[in-house]
Amino acid sequence: MSRLPLAVANWKMHRTPDEAAVYAERFRERMAPHAADLDRRFEVAIAPPFPALDRLGRALSGSGLALAAQNVHPELEGAFTGEVSRGMLEALGCRYVLVGHSERRQLFGEDDAFVAAKVKGLVGSSVRPILCVGETLAERERDATLEVVGRQLGCVLDAAGDALGSRLVVAYEPIWAIGTGRTATPELAQDVHAGLRERLVDRLGGIGREIRILYGGSVKPANAGELLARPDIDGVLVGGASLDPDAFAAICTENA
Ligand code: PGA
C-alpha cells in the first residue's frame, strides 16, 4: 500500500496576510526545481491563521501546494461568535483543516466529543480533516500513550465511522515534543503509529491501511528524513520550523 507522503505547515498564531504573501513567493522559489512531478511524490499544505487564508491561497494558486486551515466549527452556520464553518473554508479552497490540535484541547477546552463532532461535520466536504492526537508527558510516563491516542481516535471513528474513507488524515503529536525541541525518536514514534494503524485497520479494514498518519513535534530539516523513513510515518506536521520557508522547503524537497 503506497500512501502519498504529506507535509503540513502549522503557522499557529503567526504571520499577517502580507507576510504570508512574502513567504509564499520565497517558498515557491525554493520548491520550483522540484515542482514538475512533486505532486506524485509528496503533498504539501500550509495552514496560516484565518485572516491570511485568502491571500495565501491566491499566492499559492497554480502551484499544486495546498491550503489548510487550523480549525473549524461542527455546525454549518449559526450564532457562534468567533467561529468559522466548513463552507467558509470550502469557499477559500482549503484542502485540509487541523482538528483537535493539542493547543485547542489544552488551552481552549476542546474535548473528545467536540473534536469528534468537528470531524463528523466534515463528512461530504471537500475539506479533509487532519485529526491530531497525542499524550502528555505524565501519560507517557505511566505508559498510557496507546490508551490515550486510541481513545482520541476511537471517539472520532465512533462519530464518523468509515464515511470519510481515506480522506481522514491522523497526526500523532506527543504533547511533550511540541515546541520543546524534544522530538520523539523515530522508533518511539513508529511504535505509536503502528498502534494507531492497527486500530484503524481493526475498525475500517483495508481503508485503515490507506489513511495517512503524520508525525508532529519539533520536526525540522535535520530529523524529518529519519522519521519519514519509518513504515507507518506518512508525513509530518511542522510548527516552529515551518515559519521559515527555507527550512520547510528543505523538509519537503529533501524527502520527496
Ligand atoms: P512544533 O509544533 O513543530 O513547533 O513542535 C508542531 C505542532 O504543534 O503542530
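Before any of the text, the structure's been laid out above.
About the thresholds
- Residues numbered from 1 in each chain as written.
- Predicted model: local features only at pLDDT ≥ 70, side-chain atom pairs only at ≥ 80, totals over all residues.
- Heavy atoms only, no water.
- Helix = DSSP H or I, 4+ residues; strand = E, 2+ residues; numbered from the N terminus.
- Contact = heavy atoms within 4.5 Å.
- Buried < 20%, exposed > 50% of the residue type's maximum accessible area, 1.4 Å probe, protein only.
- Pairing = 2+ DSSP bridges.
- 1 Å grid on protein atoms, 1.4 Å probe; cavity = no way out; pocket = protein on both sides within 12 Å on 5 of 7 lines; lining within 4 Å.
- Points joined across faces, edges and corners; volume = space filled by probe spheres on them.
- Nonpolar A, V, L, I, M, F, W, Y, C, P; charged D, E, K, R; others polar.
- Axes fitted to C-alpha atoms, helices over the stretch in contact; angles between N-to-C directions.
- Core = buried A, V, L, I, M, F, W, Y, C linked by side-chain atoms within 4.5 Å.
- Near = heavy atom within 4 Å.
- Polar contact = N/O pair within 3.5 Å; in protein donor to acceptor, adjacent residues only side chain to side chain.
- Areas by Shrake-Rupley, 256 points an atom, 1.4 Å probe, with all protein chains shown as cover.

(A) Structural view of the environment of alanine 21. Positionally, alanine 21 belongs in helix α1 (residues 17–31). In this structure, the C-alpha to C-alpha distance between alanine 21 and serine 85, residues 64 residues apart in sequence, is 24 Å. Those residues in contact with alanine 21 that sit more than four places away from it in its chain are Arg55 and Ala59.

(B) Local environment of the pairing of strand β5 (residues 128–133). Among the six residues in β5, five count as buried, and that is most of the element. Examined bridge by bridge, strand β4 (residues 94–99) and β5 share four bridges and lie parallel to one another. Opposite valine 97, over in β5, you have proline 129 as the bridge partner. Summarising the sheet, β5 and strand β6 (residues 169–172) pair through four bridges and their orientation is parallel. Pairing of cysteine 132 across the sheet is with alanine 171, part of β6.

(C) Local environment of the layout of surface pockets. Taken as a whole, the largest pocket spans an internal volume of roughly 410 Å³. When its residues are assigned to classes, the lining of the largest pocket shows eight nonpolar, four polar and three charged. In this model, the second largest pocket occupies a volume close to 230 Å³. Around the second largest pocket, the lining is made up of 14 residues, and of these Ala35, Leu38, Ser63, Gly64 and Leu65 lie nearest the centre. At the level of secondary structure, the elements contributing two or more residues to the lining of the second largest pocket comprise α1, α2 (38–41) and β2 (43–47).

(D) Highlighting the sheet that holds strand β3 (residues 66–69). Sheet architecture is closed into a barrel: eight strands sit in the order β1-β2-β3-β4-β5-β6-β7-β8, paired in parallel fashion. Between one strand and the next, the sheet's axes are offset by a mean angle of 25°, whatever the strand orientation. Pairing geometry for β6 and strand β7 (residues 212–216), over four bridges, is parallel. By the bridge assignment, alanine 171 is partnered in β7 with leucine 214. Helix α3 (residues 53–60) contacts β2, β3 and β4 of the sheet and is inclined by roughly 165° relative to β3.

(E) Broad picture of the nonpolar core. Of all hydrophobic cores here, the largest spans 65 residues; its most connected members are Phe27, Val44, Ile46, Leu89, Leu196, Tyr215 and Phe248. Judged by nonpolar contacts, the second largest core, of 14 residues, contains Val8, Ile130, Cys132 and Leu237.

(F) Quick look at the site of the ligand. Around the ligand sit 13 residues, and of these Lys12, His101, Glu173, Gly179 and Ser218 come closest. Here asparagine 10 contributes a side-chain N or O atom positioned 3.4 Å from an oxygen atom of the ligand. Residue glycine 179 places a main-chain N or O atom 2.6 Å away from an oxygen atom belonging to the ligand. For the ligand, whose free accessible area comes to 280 Å², the fraction covered by protein is 96%.

(G) Focus on the side chain of glutamate 43. Assignment of secondary structure puts glutamate 43 in strand β2. For glutamate 43, the side chain forms a polar contact with the side chain of arginine 212, separated by 2.7 Å. Residues within four places of glutamate 43 in sequence aside, it is in contact with Leu4, Pro5, Leu6, Ala7, Arg95, Tyr96 and Arg212.

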